[in-house]
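These are the residues of each chain, in order.
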Amino acid sequence: MTHPPLRSSVWKDLDRLLRGEATTLAALTRGDIEIEAARLPPLLIGLGAFYGICMGCFALTNKEFSSALLQTISSMGKVPVLFFATLVVSFPSLYVFNALVGSRLSLAALWRLLVSSLAVMMTVLASLGPVVAFFSLSTDNYPFIVLLNVAVFGISGFLGLKFLVGTLHRLTSILYNREATFESVQNAIESQNTTRDLGPLDRIAHPTSRSVKQVFALWVVAFALVGMQMSWVLRPFIASPGKPFTFISPRHSNFYAAVFNQLSSVWTYKPKAKPGTTTPDATGAEDDYSR
């Protein structure tokens, strides 16, 4: 039998993840997730690079083409690095937390789960890329663009973590009663979902202990904190008007103070005029909000 091309298999795996077909009850009952994790990273890098291109569109409105190109290439590389670096840093804690709640997931299966969650994040992020590109090309309000990208990253991260926690919730629900049979859990799910197939973000009604939920909630908080700080370390992702291209900015302030500054500046932001003119321009605007 001839195998389908790798590219089609990768997209099929991603589609199965989004539709919940890779996290069926049968697979989770075996403590497994039916994807080939080794196939996904190249696709995820491509999705992240695409979003980086969309972020780089803002540079086209306030920088020369050479600087805009450098910023776009930089963002194309940084977006995948941001997610994969956060995944690597957070993986050991997830394994420990998962073991504490009594899950039978193996190290390899847990890695596949985390890669699957990353795939959901990157797919949502890439799907919102055209929206970011549209606003980047149609406004010169830098604080607004920064906040828009923060919101998009937040949405993608939320949905990815919801997928991860939902899958772990199903696993712990299955394992909560060691004597429960496959059929009893299947019947519980069917009674809750009588009109449609179970989606990847749906939760089943089988009880999970409160302590298990608290453990996973703590890990989600830790993952979010790591992701936000990682984005701060790797900045800038968006071209700063009035400043030359910089691959990595020096360390100062923090992510939360920067977001607060953008929120306080977005309504009062006015591009500065070029020297010797009265025409507003985005150059030099960085000083308005990077205090």
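This text goes with the structure placed above it.
Attention here is on the structure that accompanies the text. (Residues numbered from 1 in each chain as written. Predicted model: local features only at pLDDT ≥ 70, side-chain atom pairs only at ≥ 80, totals over all residues. Heavy atoms only, no water.)

**As for the overall build of the protein chain**
So, step 1. Across its full length, the protein chain holds 10 helices and zero strands.
So, step 2. Its helices and strands taken in sequence order, the protein chain reads α-α-α-α-α-α-α-α-α-α from the N to the C terminus.
So, step 3. Taking all 291 residues of the protein chain together, 47% fall into the buried category.
So, step 4. In the protein chain, the share of contacts with a sequence separation of at least 24, taken over all contacts with a separation of at least 6, comes to 77%.
So, step 5. By element, 65% of the accessible surface of the protein chain is carried by carbon and sulfur atoms, the whole surface being about 14900 Å². (Helix = DSSP H or I, 4+ residues; strand = E, 2+ residues; numbered from the N terminus. Buried < 20%, exposed > 50% of the residue type's maximum accessible area, 1.4 Å probe, protein only. Contact = heavy atoms within 4.5 Å. Areas by Shrake-Rupley, 256 points an atom, 1.4 Å probe, with all protein chains shown as cover.)

**Re the nonpolar core**
So, step 1. Counting residues in each nonpolar core, the largest one holds 50 residues, and the members touching the most others are Leu 44, Tyr 51, Val 79, Phe 83, Phe 153 and Ile 238.
So, step 2. Of all the secondary structure elements, the ones that give two or more residues to this core are helix 1 (6-19), helix 3 (40-56), helix 4 (65-100), helix 5 (107-127), helix 7 (142-176) and helix 9 (210-234).
So, step 3. At 12 residues, helix 5 tops the list of elements feeding residues into this core.
So, step 4. Ignoring anything within four residues of it in the chain, the contact list for Tyr 51 reads Val 79, Leu 125, Gly 129, Val 132, Asn 149, Val 152 and Phe 153.
So, step 5. Leu 147, Trp 232, Ala 258 and Val 266 belong to the second-largest nonpolar core, a separate cluster that totals six residues. (Core = buried A, V, L, I, M, F, W, Y, C linked by side-chain atoms within 4.5 Å.)

**Re the packing of aromatic side chains**
So, step 1. Scanning the entire structure with this criterion turns up seven aromatic pairs.
So, step 2. Measuring from ring centre to ring centre gives 5.2 Å for Trp 219 and Phe 223, while their planes differ by 40°; the resulting arrangement is tilted. Of this pair, Trp 219 and Phe 223 both sit in helix 9, separated by four residues, roughly a single helical turn. Each member of the pair Trp 219 and Phe 223 is classed as buried.
So, step 3. Among the aromatic residues, those joined into a ring-pair cluster are Tyr 51, Phe 83 and Phe 153. (Phe/Tyr/Trp six-rings, centres within 6.5 Å; stacked < 30°, edge-to-face > 60°.)

**Looking at the environment of Gly 160**
So, step 1. Inspection of the secondary structure puts Gly 160 in helix 7.
So, step 2. Residues in contact with Gly 160, not counting those within four places in the same chain, are Ser 117, Val 120 and Met 121.

**A short note on helix 6 (residues 129-138)**
So, step 1. Where helix 6 is concerned, the buried positions are Gly 129, Val 132, Ala 133 and Ser 136. Looking straight down helix 6, one finds that the buried residues subtend no more than 100° of arc, so they occupy a single side. (Arc of directions from axis to C-beta.)

**Quick notes on the packing of helix 3 against helix 4**
So, step 1. Between helix 3 and helix 4, the least distance of the axes is 7 Å, while the angle of their chain directions is 135°. Considering the angle they form, helix 3 stands oblique to helix 4. The crossing of helix 3 and helix 4 is right-handed. Residues Pro 41, Leu 44, Ile 45, Gly 48, Ala 49, Tyr 51, Gly 52, Ile 53, Met 55 and Gly 56 of helix 3 form the contact with helix 4, whose own contacting residues are Thr 72, Ser 75, Met 76, Val 79, Pro 80 and Phe 84. (Axes fitted to C-alpha atoms, helices over the stretch in contact; angles between N-to-C directions. Parallel < 35°, antiparallel > 145°, perpendicular 65-115°, else oblique. Left-handed = near helix turned anticlockwise from the far one by under 90°.)

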